[in-house]
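So the chains spell out like this:
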Amino acid sequence: LNGNAELVAAEVVTTPVFSVGERRPLFSAAQYFRGANARHYDVTPDDRRFVFAGPAVIAGGEAGGELIVVEHWFEELRRRMGN
């Protein structure tokens, strides 16, 4: 995370000494941070995806309290689209 609340990718070299190379902003993550010590995201175990928890909003702009997790999202989309 940089000073603009953007998630940043950086090249990391561990040998012969640890160093951080060029940093590239990926996208804004401002809506997922709630203070200096709280983050509302994580990285999946395979290091290929981010998981974010944002404020829940339902129709009409009311705050909701339900969490919906969709596993195998693309497969589910194909199934629902008839492909």
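In short, a report on the structure.

Calculation criteria
Along each chain, residue indices are assigned from 1 in the same order as the chain's sequence is written. A pLDDT threshold of at least 70 governs which residues receive local features in this predicted model, and a stricter bar of 80 or more applies before side-chain atom pairs are shown or counted, although totals over entire chains, interfaces and linings include all residues. Hydrogens and water molecules were not included; the side-chain quantities draw on all heavy atoms of the structure. In DSSP terms, a helix is any run of H or I states spanning at least four residues, a strand is any run of E spanning at least two, and both are numbered starting from the N terminus. Only protein chains enter the accessibility calculation, which uses a 1.4 Å probe; a residue is then buried when its area is under 20% of its type maximum, exposed when over 50%, and partly exposed in between. Nitrogen and oxygen atoms within 3.5 Å of one another constitute a polar contact, given that in protein one can donate a hydrogen and the other can accept it, and given that sequence-neighbouring residues count only through two side-chain atoms. For this analysis, residues touch if any pair of their heavy atoms sits within 4.5 Å. Any two strands between which DSSP finds at least two bridges are classified as paired. Criterion for a salt bridge: a side-chain nitrogen of Lys or Arg within 4 Å of a carboxyl oxygen of Asp or Glu.

Notes on the side chain of T44
Along the chain, the position of T44 falls in the loop between β3 (41–43) and β4 (50–52). T44 gets classed as buried once you look at its relative accessible area, which sits at 17%. Side chain to side chain, T44 and D46 meet in a polar contact 2.6 Å long. The contacts of T44, once residues within four sequence positions are left out, are R49 and V51.

Some thoughts on the pairing of strand β1 (residues 6–13)
As paired elements, β1 and strand β2 (residues 19–28) share seven bridges and run antiparallel to each other. Looking at the pairing, V13 lines up with S19 of β2. Turn length for the β1-β2 hairpin, with the two strands adjacent in sequence and antiparallel, is five residues.

Some remarks on the pattern of salt bridges
One pass over the full model with this rule turns up three salt bridges. Residue R49 pairs with D46 through a salt bridge whose shortest N-O separation is 3.4 Å. Look at D46 and you get partly exposed, because its relative accessible area is 41%. With a closest N to O distance of 2.7 Å, R80 and E76 form a salt bridge. With R80 and E76 both in helix α1 (residues 73–81), this residue pair falls four residues apart, about one helical turn.

Geometric descriptors of this kind do not, in isolation, establish any biological role.
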